[in-house]
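# Commentary on secondary and tertiary structure
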Amino acid sequence: MMIRTEKEKMLAGELYNSRDPELLERYHFARSLLLEFNQMSSRNLKRKSEILTELLGEVGEGVWIEAPFYCDYGENIRLGNNTFLNFNCLLLDDNIISIGKNGLIGPNVQIYTATHPLAANERIIADPEERYLTQTKPVHIGDNVWIGGNTLIMPGVTIGNNVTIGAGSLVTKDIPDNSLALGSPSRVIRKL
């Protein structure tokens, strides 16, 4: 029987130890790049682009990310051509976060892929090296999507193409193509 690494478990959506040395190494690597990116002059476009290429799993042409920007690992983020992330976005990419082309991601948007068992006795581990268990679910966002500021997108959500999410929404369920959704929790209020 083949033993799976914690990273393989993480990406498969299985319970895993987020304090695993391989995961911590990538976490620290991402933090060093984010520190540089977030403190850099906005005029240093060449180095910013280099950092994003080194940090993220896929970066399309014309991607623009405003600082400050935050993520866990970076390598699980895929951004399509001409996608824009505004100030203070947080992408907890413990699993894949994909955003298609022409995405507009408002300020303070948070996208989560990590979750934990609800029962404390299933999530908290006595071992001081582990502490707690985590699970993940990917988030997929289609092409031509506008997500208003201060929106939270929860693990496992898929947002279709040509969707607008109203500011301040809490997205807990999939949103179909060509929809306007808003609220907490968000719901489709009309087709676009």
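Throughout what follows, the structure given in this document is the object of discussion. (Residues numbered from 1 in each chain as written. Predicted model: local features only at pLDDT ≥ 70, side-chain atom pairs only at ≥ 80, totals over all residues. Heavy atoms only, no water.)

## A closer look at unusual backbone geometry
Residue P68 is reached from A67 by a cis peptide bond, and omega for that bond is 0°. Along the polypeptide, P68 turns up in the loop between β2 (64-65) and β3 (69-71). The linkage connecting S184 with the following residue, P185, adopts the cis geometry, with an omega of 0°. Counting through the fold element by element, P185 comes out in the loop between β18 (179-183) and β19 (186-191). One non-glycine residue, N144, lies in the positive phi region at around 60°. Here N144 is to be found in the loop between β12 (139-141) and β13 (146-147). Under the relative-accessibility criterion, N144 is labelled partly exposed at 33%. A positive phi angle is found at N162, which is not glycine, with a value near 60°. Structurally, N162 is set in the loop between β15 (158-159) and β16 (164-165). (Helix = DSSP H or I, 4+ residues; strand = E, 2+ residues; numbered from the N terminus. Buried < 20%, exposed > 50% of the residue type's maximum accessible area, 1.4 Å probe, protein only.)

## Focus: the packing of helix α2 (residues 21-39) against helix α3 (residues 45-55)
Two elements in contact, α2 and α3, have axes whose closest approach is 10 Å; the angle formed by their N-to-C orientations is 165°. By the angle class used here, α2 and α3 are roughly antiparallel. Helix-helix and strand crossings are classified by hand; for α2 and α3 the assignment is left-handed. Residues R26, F29, A30, L33, L34, E36 and F37 of α2 touch α3, and the partners they reach there are R47, K48, I51, L52, E54 and L55. For the contact of α2 with α3, the residue count by class is 8 nonpolar, no polar and 5 charged. (Axes fitted to C-alpha atoms, helices over the stretch in contact; angles between N-to-C directions. Parallel < 35°, antiparallel > 145°, perpendicular 65-115°, else oblique. Left-handed = near helix turned anticlockwise from the far one by under 90°. Contact = heavy atoms within 4.5 Å. Nonpolar A, V, L, I, M, F, W, Y, C, P; charged D, E, K, R; others polar.)

## Examining the sheet that holds β13
Sheet architecture is open: 7 strands sit in the order β2-β5-β8-β13-β16-β18-β19, paired in mixed fashion. Of all the strands in the sheet, just β2 and β19 have a single pairing partner and so form its edges. Strand direction decides the pairing type here: β2 and strand β5 (residues 84-85), joined by 2 bridges, are parallel. Its bridge partner lying in β5, I65 is registered against L85. (Pairing = 2+ DSSP bridges.)

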